[in-house]
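Understanding the architecture of this molecule
Here are the chains, one letter per residue:
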Amino acid sequence: MSKVEQNSSLTPLLDDDYDTFLEENEDSTAFRTPFDSQLQKLLRRETELRLRIDELLEEIAELEAITRKQQQQKEPGEVKEGVQQSGQAGEPNNNENDSWETFQAPEWCIPIKANVLTFEWDELAKACQFDVILMDPPWQLATHAPTRGVAIAYQQLPDVCIEEMPIQKLQENGFIFIWVINNKYAKAFEMMRKWGYTYVDDITWVKQTVNRRVAKGHGFYLQHAKETCLVGKKGEDPPGCQHSILSDVIYSERRGQSQKPEELYEMIEGLVPN
């Protein structure tokens, strides 16, 4: 009787028990094939993918809950509890409308107020191709004490929602500038590659107080006093591109929450002045 026949009763019945089976029979070579290691890798990869899918489903559920809450708050006649409304009860608050009426966009700028998840990107791409794109993504912070007591005044998006925006359709040749937070460097580089960009440089914003001192902020290991903007390039340089005339460091006063320095716009105009 062959060795395989003698041990045929030990054949594993379930994939989940395969690793245990091999460990218990590590001295036996009859059950090992050239595909054992490859099968184990595939099983481990399957487990990793299942965990990632569960994480994405949780992020999507959280995003849908936030969207539903915002839609409910926008229903006509509803008054938010705990918030003092201007004017008499039941009267609409026109402060937001007034601010938009007095708002003046900079020259050559067209402000668009829209939901990036449902925006018609194809129509924008048909109407205009950009030499430079500047992004300040609403990165989703860590779930455990993400702000350390600092309230976030804007809606955050999961990584999967940000990377699914078809940015690549808006530009054939040019630069992309992406503001990134500390724990999203790897994801930002991944998004660049997905959209067809190559990382070429980065810009550091050193935050200052009104007294021109370093403005220290929150951090897990170190106090954060800077922010970073990654620069990527796609295709050829835009017409009139000016090389090596600008610094990669901005010293500027810290502004409101998530508000970035205006000096970056000046740097972009200097790099691509057309």
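Residues numbered from 1 in each chain as written. Predicted model: local features only at pLDDT ≥ 70, side-chain atom pairs only at ≥ 80, totals over all residues. Heavy atoms only, no water.

Re the overall build of the protein chain
Helix and strand counts for the protein chain stand at eight helices and five strands. The helix and strand sequence of the protein chain, counted from the amino end, reads α-α-α-α-α-β-α-β-α-β-β-β-α. When contacts within the protein chain are restricted to residue pairs at least 6 apart in sequence, those whose partners lie at least 24 apart make up 73%. (Helix = DSSP H or I, 4+ residues; strand = E, 2+ residues; numbered from the N terminus. Contact = heavy atoms within 4.5 Å.)

A closer look at helix α8 (residues 263-271)
Three or more residues of α8 are buried, namely Leu264, Met267, Ile268 and Leu271. For α8, the buried positions fall inside an angular range of 100° around the axis, keeping them on one side. Turned more than 90 degrees off the buried face of α8, the exposed positions are Tyr265, Glu266 and Glu269. (Buried < 20%, exposed > 50% of the residue type's maximum accessible area, 1.4 Å probe, protein only. Arc of directions from axis to C-beta.)

Description of the pairing of strand β1 (residues 132-135)
Every second residue of β1 is oriented toward a common face, the buried set being Ile133 and Met135 and the non-buried set Val132 and Leu134. With four bridges joining them, β1 and strand β2 (residues 174-180) adopt parallel strand pairing. Residue pairing for β2: Leu134 is matched across the bridge by Phe177. (Pairing = 2+ DSSP bridges.)

Thoughts on the sheet that holds strand β5 (residues 249-253)
Sheet architecture is open: five strands sit in the order β1-β2-β4-β3-β5, paired in mixed fashion. Two strands in the sheet have a free side with no partner beyond their single neighbour: β1 and β5. With strand direction ignored, the average angle separating the axes of adjacent strands in the sheet is 20°. Both strand β3 (residues 198-208) and β5 contribute to a ladder of five bridges, which runs parallel. Each residue of the ladder has a partner; that of Lys207, found in β5, is Ser252. (Axes fitted to C-alpha atoms, helices over the stretch in contact; angles between N-to-C directions.)

So, the nonpolar core
By size, the foremost hydrophobic cluster in this structure holds 22 residues, and its most contacted members are Ile133, Met135, Ile167, Ile176, Ile178, Trp195 and Tyr197. Every element with two or more residues in this core is listed here: α5 (121-127), β1, α6 (159-163), β2 and α7 (185-195). Broken down by element, the residue count for this core peaks at four residues, all from α7. Of all hydrophobic cores here, the second largest spans 14 residues; its members include Leu264, Met267, Ile268 and Leu271. (Core = buried A, V, L, I, M, F, W, Y, C linked by side-chain atoms within 4.5 Å.)

Focus: unusual backbone geometry
Even without glycine at this site, Arg212 takes up a positive phi of about 70°. Position of Arg212 relative to the elements: it lies in the loop between β3 and β4 (226-234). According to the relative accessible area criterion, Arg212 is exposed, its value standing at 52%. For Ser244, which is not glycine, the phi torsion reads 55° and is therefore positive. The exposure class assigned to Ser244 is exposed, which follows from its relative accessible area of 79%.

Here we look at the packing of aromatic side chains
One pass over the full model with this rule turns up four aromatic pairs. An angle of 90° between the planes, with centres 5.1 Å apart, marks the rings of Phe189 and Tyr199 as edge-to-face. Within this pair, whereas Phe189 is found in helix α7, its partner Tyr199 is found in strand β3, the two being separated by 10 residues in sequence. For Tyr199, a relative accessible area of 37% gives the class partly exposed. An angle of 80° between the planes, with centres 4.7 Å apart, marks the rings of Phe220 and Tyr221 as edge-to-face. Across the pair, Tyr221 and Phe220 agree in class, each one exposed. A cation over a ring is seen here: Lys207 above Trp205, with NZ or CZ 5.2 Å from the ring centre. A cation over an aromatic ring shows up here: Lys234 above the ring of Tyr197, its NZ or CZ 5.7 Å from the ring centre. (Phe/Tyr/Trp six-rings, centres within 6.5 Å; stacked < 30°, edge-to-face > 60°. Lys NZ or Arg CZ within 6 Å of the ring centre and 35° of its normal.)

Looking at the pattern of salt bridges
In the structure shown here, the tally under the stated rule is 11 salt bridges. Between Lys187 and Glu163 there is a salt bridge, with its nearest N and O atoms 3.5 Å apart. Placement of Lys187 in helix α7 and of Glu163 in helix α6 is noted, with a sequence separation of 24 residues between them. The class for Glu163 is buried, based on a relative accessible area of 11%. Put simply, Asp136, Lys207, Glu227 and Lys260 are held in one network by salt bridges that share partners. (Salt bridge = Lys/Arg side-chain N within 4 Å of Asp/Glu carboxyl O.)

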